[in-house]
Amino acid sequence: MDATCADEQARYLAGETSAGDHIAECDRCAPELAGLDATRAVLADDAVWLEPSADLESRIMTSIGRAPARRRRAFSANRWLLAAAAFVLGILAAFAVQQAFRSGGPSAQAHLALHATALAPAAKATAELRNMPGGLRIELDVHGLGHAPPGYFYQAWLKGPRGAVPIGTFHTGTQDIVLWSGVPLDAYPTMTVTLEPEDGNPASSGKVLLTSAAH
Amino acid sequence: MDAESAGRELARRLADGDVDAVRDLYRAYGRLAFAVAVKVLRDPGLAEDAVQNAFTKLWRSAGSVDPERDIRPLLFTIVRRCAYDLATRGRRETVVPLASAADYPVSDDLDQLWTTWTVRDAIERLPVAERDVVRMQHLDGLTHADIAQRLDVAVGTVKSRSFRAHKRLCSLLSSLREEVS
């Protein structure tokens, strides 16, 4: 951009000239017109000028410092028993899947049944998993889950003690959805399906629609 | 260190579990996050709650932050979601009915909010004297003469500051859009 165009764009942004004076008529500047107008609108909005309270930083740091401790304090004796029971069931499920894989060799199959959560009460799914040279091949049959809303998609995960690993996305519940996992099922024994927004954020939204975990 | 490298460095520190990274992240981008939250909520008090929720959520999911990627787009997304969550008042994210998931606005609002983020970022990089002139021109709608009187400086000084500030803004906004695209 030459000096003249840079100066003209600055003057237009400052509101000192109108689009017809140069910006709209210039091949280099015209593509910038929409962006300059959007910027002028934002500069006139107090949202971009307001300052947060001086103590917001300390409130955030206090909140972060409290967060882990709050989760620990929230566990009552009953919750510990439930957590222990879920852990044992998870171990048994992982063992069963592991045995199914081991006894069948490199191309062994395993099956998972996924049940609905409150977010998608009519949905259900089954997964057939097969060890392949490239990883774990998963064929998912999904029923009762319509097309994802505009701007959203479904994502499948394998979850275990080390965290959650994404294994593929799809947009409609149907049969023969093929997914792939680079991690073993015995280390990530739980499969879930979540609803995700198209915002580029790789982290799970937390909106779980289907899960193979024990009820 | 350029802005993108700084963003990646903060992501790396966050992923490593460095709690001081949260403080540095707030000092670098807290005002930008606040601007986005105010744009959504139109209430500074609620906007502060949204920002607090966003940084807390980011810390809780620090283990899944990609240490190789600039943290800014992720922070923008999280604060936007937290602001919208507060805007729906009382609807907890984990129980949002499937049919209502599309109520979270996309595209047009996203562009507007991202412009708010980048403009606030650019404003923060202006010298204070230039920033004040820009604010008085655009937010307060003052003329150069009004601003000169308020600041007790010559009109020519105001014009110079305004021209330099707007030229700097054009340049900053162009490079910021390229960096994070």
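Quantities reported herein were computed from a predicted structural model and do not represent experimental measurements. (Residues numbered from 1 in each chain as written. Chains lettered and ligands numbered in written order. Predicted model: local features only at pLDDT ≥ 70, side-chain atom pairs only at ≥ 80, totals over all residues. Heavy atoms only, no water.)

### Some details on the environment of Pro-52 of chain A
Here comes step 1: Along the chain, the position of Pro-52 of chain A falls in the loop between α2 (33-43) and α3 (56-73).
Here comes step 2: Judged by its relative accessible area of 13%, Pro-52 of chain A falls in the buried class.
Here comes step 3: Every residue in contact with Pro-52 of chain A, bar those within four places of it in the chain, is listed here: Tyr-26, Arg-31, Phe-34 and Glu-48 of chain B. (Helix = DSSP H or I, 4+ residues; strand = E, 2+ residues; numbered from the N terminus. Buried < 20%, exposed > 50% of the residue type's maximum accessible area, 1.4 Å probe, protein only. Contact = heavy atoms within 4.5 Å.)

### Focus: the side chain of Glu-57 of chain A
Here comes step 1: Mapped onto the fold, Glu-57 of chain A is located in helix α3.
Here comes step 2: Given the relative accessible area of 19%, Glu-57 of chain A is considered buried.
Here comes step 3: For Glu-57 of chain A, the contacting residues outside a window of four places in its chain are Arg-23, Tyr-26 and Arg-27 of chain B.

### A few points about the interface of chain A and chain B
Here comes step 1: With 50 residues of chain A at the interface, the matching set in chain B holds 56 residues.
Here comes step 2: Summing both sides of the interface, chain A and chain B together bury roughly 4,800 Å²; the carbon and sulfur share of this comes to 62%.
Here comes step 3: On the chain A side of the contact with chain B, Trp-49, Glu-57 and Ile-64 of chain A bury the most area, a combined 13% of that side's loss.
Here comes step 4: Linking chain A with chain B are 9 salt bridges.
Here comes step 5: Here Asp-46 of chain A and Arg-42 of chain B are joined by a salt bridge, their closest N and O atoms 3.2 Å apart. (Buried area = accessible area lost by both parts, 1.4 Å probe. Salt bridge = Lys/Arg side-chain N within 4 Å of Asp/Glu carboxyl O.)

### Some words on unusual backbone geometry
Residue and element names in this part refer to chain B.
Here comes step 1: A positive phi angle is found at Arg-42, which is not glycine, with a value near 55°.
Here comes step 2: Mapped onto the secondary structure, Arg-42 falls in the loop between α2 (20-41) and α3 (44-60).
Here comes step 3: Positive phi outside glycine occurs at Asp-152, with the angle close to 60°.
Here comes step 4: Structurally, the position occupied by Asp-152 is in the loop between α7 (144-151) and α8 (155-180).

### Overview of the packing of aromatic side chains
Here comes step 1: This structure, assessed with the given rule, holds 6 aromatic pairs over all chains.
Here comes step 2: Note on Phe-76 of chain B and Trp-114 of chain B: the rings are 4.9 Å apart at their centroids and 75° apart in plane angle, and the pair reads as edge-to-face. Of this pair, Phe-76 of chain B sits in helix α4 (residues 72-87) while Trp-114 of chain B sits in helix α5 (residues 108-124), and the two are 38 residues apart along the sequence.
Here comes step 3: Its relative accessible area of 21% is what places Trp-114 of chain B among the partly exposed residues.
Here comes step 4: Here the aromatic rings of Trp-114 of chain B and Trp-117 of chain B are separated by 5.9 Å at their centres, their planes lie at 15°, and the arrangement is stacked. Note that Trp-114 of chain B and Trp-117 of chain B are positioned in helix α5 at a spacing of 3 residues, about one turn of the helix.
Here comes step 5: One aromatic cluster is present, formed by Tyr-29, Phe-76, Trp-114 and Trp-117 of chain B through successive ring pairs.
Here comes step 6: Residue placement shows Arg-40 of chain A over the ring face of Tyr-12 of chain A; its charged tip is 4.6 Å from the ring centre. (Phe/Tyr/Trp six-rings, centres within 6.5 Å; stacked < 30°, edge-to-face > 60°. Lys NZ or Arg CZ within 6 Å of the ring centre and 35° of its normal.)

### Structural notes on the packing of α3 of chain B against α4 of chain B
Residues and elements named next belong to chain B.
Here comes step 1: Two elements in contact, α3 and α4, have axes whose closest approach is 8 Å; the angle formed by their N-to-C orientations is 130°. By the criterion of interaxial angle, the relationship of α3 to α4 is oblique. Helix-helix and strand crossings are classified by hand; for α3 and α4 the assignment is right-handed. Mapping the contact onto sequence places Leu-46, Asp-49, Ala-50, Val-51, Asn-53, Ala-54, Phe-55, Lys-57 and Leu-58 in α3 and Leu-74, Leu-75, Ile-78, Val-79, Cys-82, Ala-83, Asp-85 and Leu-86 in α4.
Here comes step 2: Residue composition of the contact of α3 with α4, by class: 13 nonpolar, 1 polar and 3 charged. (Axes fitted to C-alpha atoms, helices over the stretch in contact; angles between N-to-C directions. Parallel < 35°, antiparallel > 145°, perpendicular 65-115°, else oblique. Left-handed = near helix turned anticlockwise from the far one by under 90°. Nonpolar A, V, L, I, M, F, W, Y, C, P; charged D, E, K, R; others polar.)

### Some words on the pairing of strand β7 (residues 190-197) of chain A
Residue and element names in this part refer to chain A.
Here comes step 1: Across the 8 residues that make up β7, a large majority, 7, are buried.
Here comes step 2: In the sheet, strand β4 (residues 152-160) pairs with β7 via 8 bridges, with the strands oriented antiparallel. Along β7, the bridge assignment pairs Phe-153 with Glu-196.
Here comes step 3: In terms of strand pairing, β7 meets strand β8 (residues 208-211) through 3 bridges, oriented antiparallel. Bridged to Val-193 within β8 is Leu-210. (Pairing = 2+ DSSP bridges.)

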